[in-house]
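Architecture and fold: a report
As a plain string of letters, each chain reads:
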Amino acid sequence: MIYCRQATVQDMRAVAELHEKCFSGYFLTSLGIDLLEKYYTEFQMDSDLFVLAFDDEAEGEHKLVGFLMGYYRDTCARSNFESKYKWQLFWRLLKLCLCLNKDAISRCFDK
């Protein structure tokens, strides 16, 4: 049976892991699991709409199977994330650029 509940900060690691599994080709995924967790934490703290879906019959435990995140256009979550973790982002983007990651190079030029 699927059930939903409001996300907490403690859930953000599981959200990041699910993101990594489902969106392996997405740019945010290339930042790594630790930065993904921090990214989603910023949105969770800034939003009232962050809902998790669990399957209580999956493998005999409550398994996270989805999430829904909503936020206002003028949210500060992304800028908070970028300012708090700017050095981690810098080093990660530098590494990706040196590996000729096209998305990273494009985003660096955009910034």
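In case you missed it, the structure is sitting above this.
Now for a quick tour of the structure. Every residue gets a number counted from 1 within its own chain, in the order that chain's sequence is written. Reporting of local features is limited, given that this is a predicted model, to residues whose pLDDT is at least 70; pairs of side-chain atoms are given and counted only at 80 or more, and all residues count toward the totals for whole chains, interfaces and linings. To get the side-chain values, take all heavy atoms of the structure and skip hydrogens and water.

Side note on the sheet that holds strand E2 (residues 49–55)
Applicable threshold: When DSSP finds two or more bridges between a pair of strands, those strands are recorded as paired. Secondary structure is summarised from DSSP: a helix means a run of H or I of at least four residues, a strand means a run of E of at least two, and numbering begins at the N terminus for each. Every angle, taken between N-to-C directions, lies between 0 and 180 degrees, and every axis is a line fitted to C-alpha atoms, over only the stretch in contact when it is a helix. It only takes one pair of heavy atoms within 4.5 Å for two residues to be counted as in contact.
As summarised here, the arrangement of the three strands in space is E1-E2-E3, forming an open sheet in which the pairing is antiparallel. Looking at strand neighbours, the two that pair on one side only are strand E1 (2–6) and strand E3 (63–70), the edges of this open sheet. Looking at each pair of strands side by side, their axes are set apart by 25 degrees on average, direction ignored. For E1 and E2, the ladder comprises five bridges, and the chain directions are antiparallel. Bridged to Arg 5 within E2 is Leu 52. Lying over the sheet, helix H1 (residues 12–22) contacts E2 and E3, oriented at roughly 95 degrees with respect to E3.

Points about the packing of aromatic side chains
The condition is simple: A pair of Phe, Tyr and Trp rings is counted when the ring centres sit within 6.5 Å of each other, with Trp represented by its six-membered ring. The angle between the planes then sorts it: under 30 degrees is stacked, over 60 is edge-to-face, the rest tilted.
Under the counting rule described, the total for this entry stands at eleven aromatic pairs. Taken together, a centroid distance of 6.3 Å and an interplanar angle of 55 degrees make the contact between Phe 23 and Tyr 26 tilted. Geometrically, the ring pair formed by Trp 87 and Phe 90 is edge-to-face, given 5.7 Å between the ring centres and 75 degrees between the ring planes. Here Phe 90 and Trp 87 lie together in helix H4 (residues 86–98), a separation of three residues that amounts to about one turn. Among the aromatic residues, those joined into a cluster by ring pairs are Tyr 39, Tyr 40, Phe 43, Phe 50, Phe 67, Phe 81 and Tyr 85.

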